Number of protein chains: 2
Amino acid sequence: MVLDAPSVQRLVEAFRRLPGIGKRTAERLALHVLTAPADEAVLLSESVKEARAAITTCSRCGNLTDINPCAICSDDRRDAKTLCIVERPAGAMAIEKGGTYKGRYHVLHGVLNPLEGIGPSELRLDRLYKRIQDEGVREVIVATNATAEGEATAMYLSGQLDGDDVKVTRIAHGVPMGGGLEFADDATLTHALQGRRSV
Amino acid sequence: MVLDAPSVQRLVEAFRRLPGIGKRTAERLALHVLTAPADEAVLLSESVKEARAAITTCSRCGNLTDINPCAICSDDRRDAKTLCIVERPAGAMAIEKGGTYKGRYHVLHGVLNPLEGIGPSELRLDRLYKRIQDEGVREVIVATNATAEGEATAMYLSGQLDGDDVKVTRIAHGVPMGGGLEFADDATLTHALQGRRSV
């Protein structure tokens, strides 16, 4: 069977490494690539190579960009006094899509995780501290994920940074807009109740 | 935003052309490719190219293969008198995974579809007829999909081929094994009842 051919097994393996792609889906994608018009396969192969070559991380904020510093860091209309800290470029992109945030970003490329040996130096937090000082940041919004590690990282940053000059805040966690209470899990509901505000 | 960079847009477009991948998933896959270790991106890019170069269609049965004729066509232990007709290589692979079929295959690479201008000559059915004669095929099992076009193709082939020398059969359609009646759609249940057999 063609799926046993070494070149096809490598292709299936390449697809399986993508997030959310299991063995059966990877096999289906591989078959599609083998039977699709040649230009479709060329587009996939070449665009991966080209995008990797064209995209780098911004030397200031760590976000993915095709220019350095990135468009957000070099946009004077963005509020330099507000810094939103995210784990991954995908987090910054999600907030950008929202369209209301006007500050800048700092991408940690990870979270504190002592069990996996990721401490403040692995996240290069000294660069973050220096940036906050150099750019006169007044508010740091910690938007790390709502996981144990994300929460711990938020606590740590608050301990390090919160003071007279800099205010450290955390994004709100609660019931998603448009979501019914019955679909929210216990932890989300607990957060939603704890974070209640007067209306 | 990095998703607006031309190279990344091409990458997202390449992923979107894959079956079952929408815009959001394509963006997620593109971000993964941009942030993954370099060797993972190289594996994806190169394996697509290599697999396309290594895999061809069998000159005899039309299935995907890395040798020509394919391993099934050149395996003397396979029953040459039985030919299973499928629309796509994926169909032959699905039956092979079942592990019980011992005959050979013929891949049409399509089905009769007058509205899209696909007739007997587009499917190169003359090659199929010649093969049936040359190889002394006695049974043709039509395993085209259970769509209107697949059924029409099965009827057409039966009209062309069924006779004293060759028996044309159709795979059974009915309730999947392990599936409850309540999950089957109306058309499947109708087929299941029509195709009932004595036990």
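Note: the structure precedes this text.
Fair warning: this is a prediction, and the values are worked out from it, not measured in the lab. (Residues numbered from 1 in each chain as written. Chains lettered and ligands numbered in written order. Predicted model: local features only at pLDDT ≥ 70, side-chain atom pairs only at ≥ 80, totals over all residues. Heavy atoms only, no water.)

Draft legend 1. Inspection of the interface of chain A and chain B at higher detail. With 49 residues of chain A at the contact, the number on the chain B side is 49 residues. Together, the buried faces of chain A and chain B total about 4,500 Å²; carbon and sulfur atoms form 73% of this surface. Applying the counting rule to chain A against chain B returns 4 salt bridges. The residue B:R10 makes a salt bridge to A:E50 at a minimum N-O spacing of 3.2 Å. (Contact = heavy atoms within 4.5 Å. Buried area = accessible area lost by both parts, 1.4 Å probe. Salt bridge = Lys/Arg side-chain N within 4 Å of Asp/Glu carboxyl O.)

Draft legend 2. Summary view of the environment of A:G178. Residues and elements named next belong to chain A. Position of G178 among the secondary structure elements: in the loop between β6 (167-170) and α7 (186-194). Given a relative accessible area of 90%, G178 falls into the exposed group. Separated by 97 residues in the primary sequence, G178 and K81 have C-alpha atoms spaced 32 Å apart. (Helix = DSSP H or I, 4+ residues; strand = E, 2+ residues; numbered from the N terminus. Buried < 20%, exposed > 50% of the residue type's maximum accessible area, 1.4 Å probe, protein only.)

Draft legend 3. A look at helix α2 (residues 23-35) of chain B. Its 13 residues place the ends of α2(B) 18 Å apart at the C-alpha level, agreeing with the 18 Å of an ideal helix rising 1.5 Å per residue. Along α2(B), the positions that sit buried rather than exposed are B:A26, B:E27, B:L29, B:A30, B:L31, B:V33 and B:L34. Here the buried face of α2(B) lies against α3 (38-54), β2 (64-65) and α4 (89-98) of chain A together with α1 (6-16) and α3 (38-54) of chain B. (Expected span 1.5 Å × (residues − 1).)

Draft legend 4. Main features of the pairing of strand β5 (residues 139-142) of chain A. Residue and element names in this part refer to chain A. Where strand β3 (residues 79-86) lies against β5, 4 bridges are found, and the strand directions are parallel. Residue pairing across strands places L83 opposite V140, the latter belonging to β5. Pairing of β5 with β6, which is carried by 4 bridges, proceeds in the parallel orientation. Paired with E139 across the two strands is K167, which belongs to β6. What joins β5 to β6 is helix α6 (residues 148-161), and the crossover it makes is right-handed. (Pairing = 2+ DSSP bridges. Right-handed = clockwise from strand over helix to strand, strands pointing away.)

Draft legend 5. Spotlight on the sheet that holds strand β4 (residues 103-107) of chain B. Residues and elements named next belong to chain B. Taken together, 4 strands build an open sheet; the order of strands is β4-β3-β5-β6 and the sheet is parallel. With one partner strand each, in any of the chains shown, β4 and β6 (167-170) form the two edges of the open sheet. Averaged over all pairs of adjacent strands, the angle between strand axes in this sheet comes to 25 degrees, irrespective of strand direction. The sheet strands contacting helix α6 (residues 148-161) are β3 (79-86), β5 (139-142) and β6, and the helix crosses β6 at an angle near 165 degrees. (Axes fitted to C-alpha atoms, helices over the stretch in contact; angles between N-to-C directions.)

Draft legend 6. Main features of the pairing of β3(A). In the sheet, β3(A) pairs with strand β4 (residues 103-107) of chain A via 5 bridges, with the strands oriented parallel. In the strand pairing of β4(A), A:L83 is matched with A:R104.

Draft legend 7. Focus on the packing of helix α1 (residues 6-16) of chain A against helix α2 (residues 23-35) of chain A. All names here are of chain A. The contact between α1 and α2 brings their axes to 8 Å, and the two run at 125 degrees. The angle between α1 and α2 places the two elements in the oblique class. Here α1 runs over α2; the crossing is right-handed. From α1, V8, L11, V12, F15 and R16 reach across to α2, where they touch K23, A26, E27, L29, A30, V33 and L34. A class-by-class count of the residues in the contact of α1 with α2 yields 9 nonpolar, no polar and 3 charged. (Parallel < 35°, antiparallel > 145°, perpendicular 65-115°, else oblique. Left-handed = near helix turned anticlockwise from the far one by under 90°. Nonpolar A, V, L, I, M, F, W, Y, C, P; charged D, E, K, R; others polar.)

Draft legend 8. Structural view of the packing of helix α5 (residues 125-134) of chain A against α6(A). All names here are of chain A. Following both chains from N to C, one finds α5 and α6 inclined at 45 degrees, their axes separated by 12 Å at the closest point. Comparing their axes, α6 and α5 come out oblique. In the crossing of α5 with α6, the sense of the turn from one axis to the other is right-handed. Contact residues: α5 offers L125, L128, Y129 and I132, while α6 offers Y156, L157, Q160 and L161. In terms of residue class, the contact of α5 with α6 is made up of 7 nonpolar, 1 polar and no charged.

Draft legend 9. A look at the relation of the copies chain A and chain B. With an RMSD of 0.0 Å, the fit of chain A onto chain B corresponds to turning through 180 degrees and sliding 0.0 Å along the axis. When the rotation and shift are considered jointly, the pair of chain copies conforms to a two-fold rotation axis. Of every C-alpha in chain A, the one belonging to A:S45 sits nearest the axis of rotation, 2.1 Å from it. Mapped onto chain B, 100% of the interface residues of chain A again fall at the interface, so both copies present the same surface. (Least-squares fit on C-alpha atoms with pLDDT ≥ 70 in both.)

Bear in mind that shape data such as this cannot, by itself, settle questions of function.
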